[in-house]
Amino acid sequence: MFDLLRHVRQLVDDGLSVLLVEQNVRASLQVADRLYLLERGEVVASGDAARMRDDGRIVTAYLGGSRG
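Source: prediction; values computed, not measured.

## Some thoughts on the nonpolar core
Phase 1: In this structure, Val25, Leu29, Leu35, Leu37, Ala45, Ala49, Met52, Ile58, Val59 and Leu63 together form the largest nonpolar core, which totals 10 residues.
Phase 2: The contact partners of Ile58, leaving out residues within four places of it in the chain, are Val25, Leu37, Ala45, Met52 and Leu63.

Okay, structure coming up:
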């Protein structure tokens, strides 16, 4: 999967816009510029991917960490 994500990132770096739909939030955050997180069809969080990596809600619910 990570080879595919590297290719996606290269496409973006080359100027192409890409919509990536992926359940692996941790992997997606490695290549995404923005994140739109959906639960049951509703956007529950969105923003700059670098900032979302540090969002306590994202860390707790999707990255297996704790808010502290």
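## As for the pairing of strand E2 (residues 42–48)
Phase 1: Pairing analysis gives 6 bridges linking strand E1 (residues 34–39) to E2, with the strands arranged antiparallel. In the strand pairing of E2, Leu35 is matched with Gly47.
Phase 2: Hairpin connection from E1 to E2: 2 residues lie between these consecutive antiparallel strands, with Arg40 at a positive phi of about 50°.

## Examining a nonpolar patch on the surface
Phase 1: On the surface, a nonpolar cluster with roughly 310 Å² of combined accessible area is contributed by Leu11, Leu16, Val18 and Leu20.
Phase 2: Summarising the element assignment, Leu11 is placed in helix H1 (residues 2–13).

## Quick look at the side chain of Ser28
Phase 1: Structurally, Ser28 is set in helix H2 (residues 25–31).
Phase 2: In this structure Ser28 touches Leu20 and Glu22, once residues within four positions along its chain are discounted.

## Digging into the pattern of salt bridges
Phase 1: In total, this model carries 4 salt bridges according to the counting rule given.
Phase 2: The salt bridge involving Arg6 is made with Asp3; its shortest N-O contact spans 2.2 Å. Of the two residues, Arg6 and Asp3 both sit in helix H1, 3 residues apart, roughly one turn of that helix.
Phase 3: With a relative accessible area of 48%, Asp3 lands in the partly exposed category.
Phase 4: For Asp55, the salt bridge is made with Arg57, and the minimal N-O distance between the two is 2.8 Å.
Phase 5: Note on Arg57: relative accessible area 42%, which makes it partly exposed.
Phase 6: Here the salt bridges share partners, and the residues they tie into one network are Arg9, Asp13 and Asp33.

Here is what the cut-offs are and how they apply
Residues numbered from 1 in each chain as written. Predicted model: local features only at pLDDT ≥ 70, side-chain atom pairs only at ≥ 80, totals over all residues. Heavy atoms only, no water. Core = buried A, V, L, I, M, F, W, Y, C linked by side-chain atoms within 4.5 Å. Buried < 20%, exposed > 50% of the residue type's maximum accessible area, 1.4 Å probe, protein only. Contact = heavy atoms within 4.5 Å. Pairing = 2+ DSSP bridges. Helix = DSSP H or I, 4+ residues; strand = E, 2+ residues; numbered from the N terminus. Patch = residues over 30% accessible without salt bridge, like charges linked within 9 Å, V, L, I, M, F, W, Y side chains within 5 Å. Areas by Shrake-Rupley, 256 points an atom, 1.4 Å probe, with all protein chains shown as cover. Salt bridge = Lys/Arg side-chain N within 4 Å of Asp/Glu carboxyl O.

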